Amino acid sequence: MTQLRNIPSVERVVSSDLLAREVRAYSRDWIVSLVRLQLDKAREIVREGAEAPSADEVAEAIRQLLESMNRPAPVPVINATGVVIHTNLGRAPLSRSASEAAILAAQGYSNLEFDLSNGRRGSRQAHLQDLLQQLTGAEAGLVVNNNASAVLLGLSALAAGKEVVVSRGEAVEIGGGFRVPDVLSQSGAILVDVGTTNRTYARDYENAITDRTGAFLKAHASNFRVEGFTAAVEPAELVQLGADSGIPVLHDVGSGALLATEAYGLAHEPTPQESVASGVGLTFFSGDKLLGGPQAGIVVGSRELVEMLERHPLARAFRIDKMSLASLIATLMHYLRGEAEREVPIWRMISAPVQILEERAESWKKAITSGSSVIGAVVETRSAIGGGSLPGETLPTRALSLDCSSIGRGAEGVMQRLRRSNPPVIARIEDNQVLLDPRTVLPEQEGPFLKSLQGAISSP
Ligand SMILES: *Cc1c(COP(=O)(O)O)cnc(C)c1O
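In this report, the structure presented in the accompanying data block is examined. (Residues numbered from 1 in each chain as written. Predicted model: local features only at pLDDT ≥ 70, side-chain atom pairs only at ≥ 80, totals over all residues. Heavy atoms only, no water.)

Quick notes on the nonpolar core
In this structure, Leu290, Leu332 and Ile350 are the most contacted members of the largest nonpolar core, which totals 38 residues. Broken down by secondary-structure element, the contributors of at least two residues to this core are α7 (126-136), β12 (297-301), α15 (322-336) and α17 (345-350). A per-element tally of this core places α15 first, with five residues. Contacts of leucine 332, omitting those with residues within four sequence positions, involve Leu128, Leu131, Leu132, Leu135, Leu258 and Leu291. Core analysis: the second largest hydrophobic core is formed by 31 residues, Leu142, Leu153, Phe178 and Leu217 among them. (Core = buried A, V, L, I, M, F, W, Y, C linked by side-chain atoms within 4.5 Å. Buried < 20%, exposed > 50% of the residue type's maximum accessible area, 1.4 Å probe, protein only. Helix = DSSP H or I, 4+ residues; strand = E, 2+ residues; numbered from the N terminus. Contact = heavy atoms within 4.5 Å.)

Quick notes on the sheet that holds strand β4 (residues 140-144)
Taking strand neighbours across the sheet as the criterion, the seven strands line up as β4-β12-β11-β10-β9-β5-β8 in an open arrangement whose pairing is mixed. Since the sheet does not close on itself, it has two edges, and those belong to β4 and β8 (190-194), each with one partner. Averaged over all pairs of adjacent strands, the angle between their axes in this sheet comes to 20°, without regard to strand direction. Alignment of β4 against β12, held across five bridges, turns out to be antiparallel. Bridge assignment links alanine 140 to a residue of β12, and that residue is glycine 301. Strand contacts of α7: β4, β11 (282-286) and β12, with the helix running at about 115° to β4, the strand carrying the most contacts. Strands β4, β11 and β12 of the sheet are contacted by helix α13 (residues 303-311), whose axis makes an angle of about 30° with β4. (Pairing = 2+ DSSP bridges. Axes fitted to C-alpha atoms, helices over the stretch in contact; angles between N-to-C directions.)

Regarding the site of the ligand
Close to the ligand lie 13 residues; Ala148, Ser222, Asp252, Ser286 and Lys289 are nearest. Asparagine 147 is positioned such that a nitrogen or oxygen atom in its backbone is 2.9 Å from an oxygen atom of the ligand. The contact in question runs from an oxygen atom of the ligand to an N or O atom on the side chain of lysine 289, over 2.7 Å. For the ligand, whose unbound accessible area comes to 390 Å², protein coverage reaches 94%. Listed by contribution, the elements that provide at least two residues to the shell around the ligand are α8 (147-159) and β10 (249-254). Partitioned by chemical class, the residues of the shell around the ligand number three nonpolar, seven polar and three charged. (Near = heavy atom within 4 Å. Polar contact = N/O pair within 3.5 Å; in protein donor to acceptor, adjacent residues only side chain to side chain. Areas by Shrake-Rupley, 256 points an atom, 1.4 Å probe, with all protein chains shown as cover. Nonpolar A, V, L, I, M, F, W, Y, C, P; charged D, E, K, R; others polar.)

Points about the packing of aromatic side chains
Taken as a whole and judged by the stated rule, the model has four aromatic pairs. Residues tryptophan 364 and phenylalanine 449 carry aromatic rings whose centres are separated by 4.2 Å and whose planes lie at 45° to one another, so their mutual orientation is tilted. With tryptophan 364 in helix α18 (residues 354-369) and phenylalanine 449 in helix α20 (residues 446-457), this pair connects stretches of sequence that are 85 residues apart. One exposure class covers both tryptophan 364 and phenylalanine 449, and it is buried. Directly above the ring of phenylalanine 229 sits arginine 199, whose terminal nitrogen or CZ lies 3.7 Å from the centroid. (Phe/Tyr/Trp six-rings, centres within 6.5 Å; stacked < 30°, edge-to-face > 60°. Lys NZ or Arg CZ within 6 Å of the ring centre and 35° of its normal.)

A few points about the packing of α8 against α13
Following both chains from N to C, one finds α8 and α13 inclined at 100°, their axes separated by 9 Å at the closest point. Classified by the angle between their axes, α8 and α13 sit roughly perpendicular to one another. Facing Leu153, Gly154, Ala157 and Leu158 of α8, the residues of α13 in contact are Leu305, Met308 and Leu309. A class-by-class count of the residues in the contact of α8 with α13 yields six nonpolar, one polar and no charged. (Parallel < 35°, antiparallel > 145°, perpendicular 65-115°, else oblique.)

Function cannot be inferred from these measures alone, as they are strictly geometric.
Have a look at this one:
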């Protein structure tokens, strides 16, 4: 009990010199309420037998709390992993014009839902209609805040209370809680899985048709590959199968590659254009994977079906915000102008010539050899595409490899120092060496990158 009496008063903590600046910068009442909370916590641990903290200790805890609340988040980091679409690092970086479009939309008013020709209310979706038609060949389109919500909206609007036929090989989990069977049940649709994990035939779908069938769903296996004795049914064949009974095909292509990935030495990734051309009812894809834009979910397809989605209450719940909409339009314009490979950062990274990557890795090696005992070497390795697209597909690259055995703390220690640098650098470890891949380091980050790197490998 004596210890409880040693707990400082609110007044003593608030008047501590350590909080003088904070009391001036924030409202005094707010600081007082933080102190009260902190003292409540102190009382609890004192009851459990700990010593009472001093007024300065409590004040310091509050000062640190305020400091961490004031730190901007998320902070920019440098991606030296070589993984082009890194979900944990925010997926696709935006092009300059896509970023500027988001800033413009953020800073002022806009004709987001206002028709400038007649002064009446407009639709935020109207701005995208022509673009999506031109780029995918579809009659109509709709954009929501990500592909997970697009698929949930599609199933809810078209198949709630009805059966949806899915191949067992496509009842997949994409990651982050997106599992096809769970999304289906959330929408109120009933999953009818057909075929086997590795082989599903047209007759499997055909045999599953009942008078309660609401749709066929095809989902792209974005993050794994089934090899060997496999069979799947092409979207065009499903379209034919469903035509007689009026069953629409819903096609989740995942990454939304508008460019042909095989032109870059990668496996073929299904494109929205070919999905639309196959005659499916609706095609779903993400905005921030191989499309290289902001987080968004895009649905294109027949006008009749798109309108059913627009009318569903979830369309309002999932609607895209003005900044993402503006940067998505700016991103799509790069494709329309035929400049995507040059302007969209992820395509610039994917198409980077090995010779340029080698030159950059060599220049990094030069920059570290002076004044460090770490031995750097330029090595041949592979960059991954990542982010739920092109599973297992890699591109040849050159990376700077750091042999950290000479500096005691080893590869893990250097990785940690890189993460704690300003700006933080994220690398990867292969065979006990730290690997830094120039493919995903944006050219304008080169200076800060080298500063962080030099700091991380110098003596403490
Ligand atoms: C990534 C992915 C999703 C989820 O998309 P988000 O835009 O991340 O919500 C859904 N389906 C497939 C096939 C995917 O690859």
